[in-house]
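Here's the letter readout for the chains.
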Amino acid sequence: IAVIFAANKSNMTRVIAVAARDGDRARAYAEKYGIPRAYEGYESMLDDPEVEAVYLGLPSEFHLKWTLKAIEKGKHVLVEKPLTLNHEEAVMVRNAVNRYNDRKPTLTPQPDDQ
């Protein structure tokens, strides 16, 4: 909820969508917080071209899966900590950023990542 309030206070961001596995929960949340779109399922929200960035406040075991999917869809991603469950998963995220980001990579390789 704090992310929504902070984003809405900025003149550079706006919260336009929310997703949940349960569409009724997503719609109720959207209505409560004045969010214009609610999606049943995370994939459908990632398919929305107007969604430029996502905040993943999911349980940690889902961070890798949905972070990779969001990166592959070209979204900016803010992930609740921990980013991943281990070093190998973090390397996978870094590699995805480097592969799908058409600009200079934002996560750079470290010597011990071999």
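Refer to the structure presented above.
1. Let's talk about the side chain of threonine 84
Following the sequence through the fold, threonine 84 ends up in the loop between β4 (76-79) and α5 (87-100). Given the relative accessible area of 10%, threonine 84 is considered buried. Among the polar contacts made by the side chain of threonine 84, one reaches the main-chain carbonyl oxygen of asparagine 86 at a distance of 3.0 Å. For threonine 84, the residues in contact, after removing those within four places along its chain, are Leu64, Glu89, Ala90 and Val93.

2. Considerations on helix α2 (residues 23-33)
For α2, every residue scored as buried is listed here: Gly23, Ala26, Ala30 and Tyr33. One face of α2 carries all of its buried residues, which in axial projection span an arc of 110°. Away from its buried face by more than 90 degrees, α2 exposes Asp24, Arg25, Glu31 and Lys32. Buried residues along α2 sit against α1 (2-9), β1 (17-20) and β2 (37-40). The backbone nitrogen of aspartate 24 has a side-chain oxygen 2.8 Å away, supplied by the residue at the start of α2, namely aspartate 22.

3. Details of the nonpolar core
Ranked by size, the top nonpolar core spans 14 residues in total, and within it Ala17, Met45, Val51, Val54, Leu56 and Trp66 carry the most contacts. Here this core gets three residues from one element, more than from any other, and that element is helix α3 (residues 42-46). Among residues more than four places away in sequence, those in contact with tryptophan 66 are Tyr42, Glu43, Leu46, Leu56 and Leu58. In this structure, Leu64, Ile71, Val93 and Ala96 belong to the second largest nonpolar core, which totals six residues.

Cut-offs and rules
- Residues numbered from 1 in each chain as written.
- Predicted model: local features only at pLDDT ≥ 70, side-chain atom pairs only at ≥ 80, totals over all residues.
- Heavy atoms only, no water.
- Helix = DSSP H or I, 4+ residues; strand = E, 2+ residues; numbered from the N terminus.
- Buried < 20%, exposed > 50% of the residue type's maximum accessible area, 1.4 Å probe, protein only.
- Polar contact = N/O pair within 3.5 Å; in protein donor to acceptor, adjacent residues only side chain to side chain.
- Contact = heavy atoms within 4.5 Å.
- Arc of directions from axis to C-beta.
- Core = buried A, V, L, I, M, F, W, Y, C linked by side-chain atoms within 4.5 Å.

Purely spatial values, then, with no claim about function.
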